[in-house]
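Residues per chain are reported as follows:
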Amino acid sequence: MLALVDDVPQCYVDNDWICAQYWHDYRPELVDATVEHIWLTVVSVLAGLLIAIPLGLLARRNPTLETAVVGGTTIVYTIPSLALFSLLLPFTGLTSTTVIIGLALYSLTILVRNVIAGLRSVPEEVKESARGIGYSDRRMLLQIEIPLALPVIMAGIRVATVSTVALVTVGSIVSYGGLGNLLLLAVGNQFKAQIFAASVLCVVLAVAFDLALVLVQRLLTPWTRRAR
Amino acid sequence: MLALVDDVPQCYVDNDWICAQYWHDYRPELVDATVEHIWLTVVSVLAGLLIAIPLGLLARRNPTLETAVVGGTTIVYTIPSLALFSLLLPFTGLTSTTVIIGLALYSLTILVRNVIAGLRSVPEEVKESARGIGYSDRRMLLQIEIPLALPVIMAGIRVATVSTVALVTVGSIVSYGGLGNLLLLAVGNQFKAQIFAASVLCVVLAVAFDLALVLVQRLLTPWTRRAR
Amino acid sequence: SDSLEDTGSGDSTGSADKGSVTVGGQDFTESQIMAAIYQKVLENAGYTVQTKLVTTRDVYLPELSKGSVDIVPDYLAGLTDFLNSEANGADAPLVSSHDPDATLQALKPLAEAKGISILPPSDATDQNAFFVTKDFADQNDLTTLSDFAAMHQPIKLGAPPDCEGRSDCAGGLTKTYGFDIKEIVPLDFASAQVKDAVKKGEVQLGETGTTDGTLEDLGLVLLDDDKGIQPAQNLTPAVNSDFIDANPDLEDVFNQLSAALTTEDLADMNVQVDLERKKPEDVAQQFLEDKGLL
Amino acid sequence: MIRLSGVGKTYDDGTVAVRELDLDVRRGELVCLVGPSGCGKSTTLKMINRLIEPTSGRIEIDGQDITGEDPVRLRRNIGYVIQEVGLFPHQKILANVMTVPLLHGESKATARERALELLELVGLDPARYADRYPHQLSGGQQQRVGVARALAARPPVLLMDEPFGAVDPLVRLRLQDEFLRLQAELGVTVVFVTHDIDEAVRLGDRVAVFAAGGRLAQYDTPARLLGRPADDFVADFVGSTTGLRRLQVIPLDPAHLEPLDGVSVGDLGAAIDIDTTLGEALTVLLRDDRGMVAVKRDAQFVGVLTPNGVHRALRAALAEMATVS
Amino acid sequence: MIRLSGVGKTYDDGTVAVRELDLDVRRGELVCLVGPSGCGKSTTLKMINRLIEPTSGRIEIDGQDITGEDPVRLRRNIGYVIQEVGLFPHQKILANVMTVPLLHGESKATARERALELLELVGLDPARYADRYPHQLSGGQQQRVGVARALAARPPVLLMDEPFGAVDPLVRLRLQDEFLRLQAELGVTVVFVTHDIDEAVRLGDRVAVFAAGGRLAQYDTPARLLGRPADDFVADFVGSTTGLRRLQVIPLDPAHLEPLDGVSVGDLGAAIDIDTTLGEALTVLLRDDRGMVAVKRDAQFVGVLTPNGVHRALRAALAEMATVS
Ligand SMILES: Nc1ncnc2c1ncn2[C@@H]1O[C@H](COP(=O)(O)OP(=O)(O)OP(=O)(O)O)[C@@H](O)[C@H]1O
Ligand SMILES: Nc1ncnc2c1ncn2[C@@H]1O[C@H](COP(=O)(O)OP(=O)(O)OP(=O)(O)O)[C@@H](O)[C@H]1O
Ligand SMILES: [Mg+2]
Ligand SMILES: [Mg+2]
């Protein structure tokens, strides 16, 4: 029955962690999974950000609302991801939406706090002069507050992104887990080369996202590079 | 075998989610688990903070180091908690140290970014006047930079704390999981009342921590309450 | 125009596109292979197919009911027990048994209530099974669990923690076969650890599945469940009722497939995927070609 | 144009910054607010553009109670130079100035042109400074950018809080001149806070002297303020650095000149125009030992100014003011 | 005490803030830096306490090259008032001022006492202001807190960057007086940046006039600066607001008085002392129409000052300065 064994690459037979043949044979699967992982991460964090900003804005005006927002997101954050996805399942089914909503909710928790802290770190006299010149609340937000809060907001985005990269794998329970799908299958049949590859790609993705965000931040905040 | 059924509280027999009798019977276990959960959380976040501050300080001076610190903590963050605890197990064994090191590493990832962003949000002219008056780096850090960075650092501490409360449960794999221990046992034998109680306590803990931290923050930063 | 397309496109031999189908399944090897087989069969029949592998049955079953998943390769008793406890509560008496026909009869009304149709099961079955080392079996001339139990020696059992008391596990082994189990060492189902533990003699009996193709190579051998404590886990297509009503021609296709599939095929394909690291799609393709089903 | 009636502001902690202020500013007028540090000048200014809401009283612009107006629209029509400068740290200098015309819907090109013009006006060479961030400028340079930004919109009303406080006298003089020219040209109504009484006297059509707690001690033309201070506080405040400030606002008068008779042409030094102020005349007089300077109207000599004439002129000015009630 | 030799600072972007500056300040001397906005005054100041490192040249304090010194220890001995005020926003006013004595290891009680004293000194009633946060003060009040903070350590060297820029003339006059008294009492060496030439002349033992790019245009006593400006730039700068600044530094001289003969006692108005400056004498002269004021030494009349006498005195002062090389 194992007569075919000599056709099988040695590192498959030995079940090695590092197996060049695997990377070659499974390139399409790895690429697909990575691409899925990336877009799930990006969409989730963006969605979280889009909710976090208005929530942060409402919260900073109103301490009661702040307590509610912060408390609510805290509760969401303590729900294990598996449970959260299961809760969403009846509504959104076996779709990427389930995963995205879940992940967006988690990143929201992180982001909303940094959005609030970031907006609070904007110097009072700069806001006052903008208001005095006739900036509307909207313009002030977009052109003054968000840019100046950017370093702090970006710190949140970076934590949220890294955390989302790690959490996307859980999406495999509804078949949208990016590299998590490969990981889960591989753990199931002890396919070490695949476990290794998927894990490494996860880490690489997280680090790449993080460095990319640092770069974006440097590009977006040129004024923070102080000349001496 | 079910002859004793009339002595057994009905909600145990029915395996109800909500069972007042459970809360009564298991009070000592719940209290112990909650206390363990609290100290694991506090110690882990504090440890994370104690590492994050010096790391953040080194990182903000040196872009290369910042990249390294940020990249390194990112990698840690993508390691699933179960895997991380397993990695630590050979060194620290079945002790709370295993859990605390793991959780501290996670909170570190969140904290170090907010520490860096917070320190950067301190107004330049305030730092300059402190330096000009003769503040040493240490004094500047303790009396000027950290207080003024506090709103941003606290945002990080709050995310880290909430996330740690959720992660402590995973510590049950080395039997230091606070409420996670109860949860794991209950999931194993489908003891719904216990699943419910432990989950609720987790959420309550997270929210309580968060609100307490908001309060601490308000007390520590009285100058941010602007009179108009 | 049909013939033109037939000759024109080599691989997608189907005639006109008959619409899209979603195949569900779980994400362990065998389910993955079966899903791949279903996919190929359906594509061959002219459907556009999407496969969604999820972690657990309770994730895909509501979707199968709703019709957002159309067809799932499922296990007879597993599905029966699931639907039974859903319909009648967790503590309802089991309606699955060692007998596939009886189990199927019990399953059908439960499934129909959920809008699920069960197509005739295959003979191929993946049920839990217990194994010992080949040396031990040879020395003591064991082929069945009854043979082993008859030795009346206290044993350690390697099985998942929930084994205790279950009628298809420790409970059945003690009550039905009369084993004297000293200890259940918690080891994952069909895991490398449980096989290792049996080989090293740390436990005498380990739990795995009938389609575990790795045993022979490791010097391990299954003992027959001669008293039938394992419910019948025959592979059977579970289909959304509306879907099968709309596409009645599929019944034949799947009946052909089920008729051709054997437990050995499954074990063999599992080995190809789990040990030789072939891709499930390729293994499925090869299988279907070998059986002349494409 | 701007009318404050019974306006008061008490901060949350009980500090009364402004007690009960009545102040009206006519269209096109330039009113300077002066007064000791902490007397409520900034507070008053900020109430006019509703950065601070008064706790009592009523503020009207063009007869319209501003409380009812949309604060954003209100502020769009009011230029504002904040005391703390408040440049946008994340925008380069040019962008900081362009911000206001852009706010008013001007095209990018127009805004840019206007910004470049204004940077020139405030004495910052665009080639050197346009492309820098605020923290790369000196204190006075930042302040001038703040002024340029406020002027960029050509607003009908302009509130300026110590806009030239950090610039040197030469530049300040130039800025004041430019500003006066611009103000006359555009007919802007200006409320201008300064603690430099020279500046107030030079720029203001009227000067409001505040005492502590936002009490209006005197609100009058510069000449009257200098000549007839309402009380000791105002007198002290106005005359604080030198008693000779009034030189700057007194015109030359033929009555105080000596006749030309008996003065040989050789005795005459420089000649000045009768339109100059007494202060400038004195500067010229001091250029040499002659002790006299010729004064002419157009091309015609009308007399010579001597030290005694200066004295008489000063005295006359004081006497005149004392009779104006 | 402080000696800058060939000091230059070029910022990273190529801006030359200070080109090659030589400047020495003697022990106990008060030197004022004046000059147009952006000429490098703040940069120079910050190089002395190493907030900015010079790109060329050498700075010594007490003969010691400061480059070698620990910057923290260096700065502990140098008080510093930053142009942007830079109060600590998270500390109350009292704490802001106490911070410096505490830094020097004083006890809390001593620091507190000293801080309260200094708040009084800068005209901020501790009862009202000690317990506020900086953002609850007006601009000028914040600036005064900054001055109090710098003085709190009684440092041997004091660097002040436009410390009175935002306060009104009355308070400023008081602050200047207090400051001069303090400086004389403690023998502090001070480098004082201001753009108010009046202030420079009033406070400075010597005044350094900077031209753009940190070029030292003139470094001299106030009298000589006013009397003999080194070039047109200095003359313009020094004389910019009024040509009469020199009045403030010229002493009265019996040579410029008319004899008492022929003047009836009734003609004499107030009497002034021969020790007063010409400026003060003129102020008195202008009080009435008489056109003369009696001058006495101790109790004895020495002559009368008339407008012509003032003119002669001014001219003489100028001539004298022109011969001092
Ligand atoms: N960080 C910097 N980068 C580049 N150029 C700078 C920087 N800081 C200041 N400059 C420039 O250096 C020159 C001197 O600045 P400095 O602050 O010393 O002027 P200043 O004499 O104090 O002026 P002011 O009276 O306006 O405060 C200015 O032209 C300024 O534009
Ligand atoms: N947020 C605040 N809370 C409490 N009191 C305040 C607040 N802001 C200002 N004050 C007080 O109100 C008074 C008036 O302040 P304002 O800023 O109007 O003074 P100003 O006339 O502009 O002074 P300056 O010339 O020093 O800028 C001051 O005594 C100040 O201490
Ligand atoms: Mg003010
Ligand atoms: Mg400066």
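The coordinates are above.
Definitions and cut-offs
Residues numbered from 1 in each chain as written. Chains lettered and ligands numbered in written order. Predicted model: local features only at pLDDT ≥ 70, side-chain atom pairs only at ≥ 80, totals over all residues. Heavy atoms only, no water. Donors = N, O, S within 2.8 Å, 3.2 Å for Na, K, Ca; no water. Helix = DSSP H or I, 4+ residues; strand = E, 2+ residues; numbered from the N terminus. Buried < 20%, exposed > 50% of the residue type's maximum accessible area, 1.4 Å probe, protein only. Disulfide = S-S within 2.5 Å. Least-squares fit on C-alpha atoms with pLDDT ≥ 70 in both. Expected span 1.5 Å × (residues − 1). Arc of directions from axis to C-beta. Contact = heavy atoms within 4.5 Å. Near = heavy atom within 4 Å. Polar contact = N/O pair within 3.5 Å; in protein donor to acceptor, adjacent residues only side chain to side chain. Areas by Shrake-Rupley, 256 points an atom, 1.4 Å probe, with all protein chains shown as cover. Nonpolar A, V, L, I, M, F, W, Y, C, P; charged D, E, K, R; others polar. Buried area = accessible area lost by both parts, 1.4 Å probe. Salt bridge = Lys/Arg side-chain N within 4 Å of Asp/Glu carboxyl O. Core = buried A, V, L, I, M, F, W, Y, C linked by side-chain atoms within 4.5 Å.

This part covers the coordination of the magnesium ion (ligand 3). Each angle at a metal carrying four tetrahedral donors should ideally be 109.5 degrees, and each at a metal carrying six octahedral donors should ideally be 90 or 180 degrees. Residue and element names in this part refer to chain D. Around the magnesium ion (ligand 3), the protein supplies Ser42 (OG) and Gln83 (OE1) as donor atoms, at distances of 1.9 to 2.2 Å. Of this pair, serine 42 sits in helix α1 (residues 41-48) while glutamine 83 sits in the loop between β6 (78-81) and α3 (93-103), and the two are 41 residues apart along the sequence. The exposure class assigned to serine 42 is buried, which follows from its relative accessible area of 17%.

Considering all chains together, one arrives at three disulfides over all chains under this definition. Between the sulfur atoms of B:Cys11 and its disulfide mate B:Cys19 the distance is 2.1 Å. Since its relative accessible area comes to 1%, B:Cys19 is described here as buried. No disulfide involves D:Cys32; its sulfur sits 13 Å from that of D:Cys39, the nearest cysteine.

This brings us to the relation of the copies chain E and chain D. Superposition record for chain E on chain D: RMSD 0.4 Å, screw rotation 180°, translation along axis 0.1 Å. A rotation of that kind, with that shift, is consistent with a two-fold axis. No C-alpha of chain E approaches the rotation axis more nearly than that of E:Pro307, which lies at 2.3 Å.

This part takes up unusual backbone geometry. Although it is not a glycine, C:His152 adopts a positive phi angle of roughly 50°. Looking at the secondary structure, you find C:His152 in the loop between α7 (145-149) and β6 (155-159). A relative accessible area of 65% means that C:His152 is categorised as exposed. At D:Asp62, a residue that is not glycine, the phi angle is positive and equals roughly 55°. Residue classification places D:Asp62 among the partly exposed positions, given a relative accessible area of 45%.

Turning our attention to helix α5 (residues 81-92) of chain B. Residue and element names in this part refer to chain B. Its 12 residues place the ends of α5 15 Å apart at the C-alpha level, agreeing with the 16 Å of an ideal helix rising 1.5 Å per residue. When we look at burial in α5, the residues that qualify are Ser81, Leu84, Phe85 and Leu88. Here the buried residues of α5 occupy an arc of 95° about the axis, which is enough to place them on one side. In α5, those exposed residues whose orientation departs by more than 90 degrees from the buried face are Leu82, Leu87 and Pro90. Tucked inside the fold, the buried residues of α5 contact α6 (96-120) and α8 (137-168). One or two positions beyond α5, positive phi appears at glycine 93, with a value near 65°.

Moving on to the site of ligand 2. Among the 23 residues in the neighbourhood of ligand 2, the closest are listed as D:Lys41, D:Ser42, D:Thr43, E:Ser138 and E:Gly140. Ligand 2 sits at the junction of chains B, D and E, each of which supplies nearby residues. E:Arg132 places a side-chain nitrogen or oxygen 2.8 Å from an oxygen atom of ligand 2. Contacts to ligand 2 include E:Ser138, whose side-chain N or O atom sits 2.6 Å from an oxygen atom. The fraction of the free accessible surface of ligand 2 (640 Å²) that becomes covered by protein chains is 96%. Secondary structure elements with two or more residues in the shell around ligand 2: α1 of chain D together with α6 (139-151) of chain E. Taken together, the residues of the shell around ligand 2 break down into six nonpolar, 13 polar and four charged.

Moving on: the interface of chain E and chain D. At the junction of the two partners, chain E supplies 48 residues and chain D supplies 48 residues. With both chains or domains summed, chain E and chain D bury close to 4,000 Å², and 58% of this area falls on carbon and sulfur atoms. In terms of surface lost to chain D, no three residues of chain E exceed E:Ser37, E:Leu286 and E:His311, which account for 16% of the buried area on that side. At the surface where chain E touches chain D, the tally comes to two salt bridges.

Right, let's get into the nonpolar core. Ranked by internal contacts, the top residues of the largest apolar core, which has 226 residues, are A:Tyr22, D:Phe179, D:Phe192, E:Phe179 and E:Phe192. If sequence neighbours within four positions are ignored, D:Phe179 has contacts with D:Leu30, D:Leu151, D:Leu158, D:Met160, D:Phe164, D:Val190 and D:Phe192. Listed in part, the 36 residues of the second largest apolar core include D:Ile250, D:Leu285, D:Val310 and E:Ile274.

Between side chains of opposite charge, pairing is possible as soon as their charged atoms come close. Counted under the stated rule, the structure contains 59 salt bridges over all chains. A salt bridge links E:Arg132 to D:Asp13; the shortest N-O distance between them is 3.6 Å. Remark: D:Asp13 occurs in the loop between β1 (2-10) and β2 (16-25) and E:Arg132 occurs in the loop between α5 (126-129) and α6; the pair is interchain, linking two chains. For E:Arg132, a relative accessible area of 8% translates into the label buried. D:Arg312 is the partner of D:Glu258 in a salt bridge, and the nearest nitrogen-oxygen pair spans 3.0 Å. Here D:Glu258, found in the loop between α10 (232-238) and β11 (271-273), pairs with D:Arg312, found in helix α12 (residues 307-323); they are 54 residues apart in sequence, far enough to count as distant. Residue D:Glu258 is classed as partly exposed on the basis of its relative accessible area, which comes to 25%. Its relative accessible area of 36% is what places D:Arg312 among the partly exposed residues.

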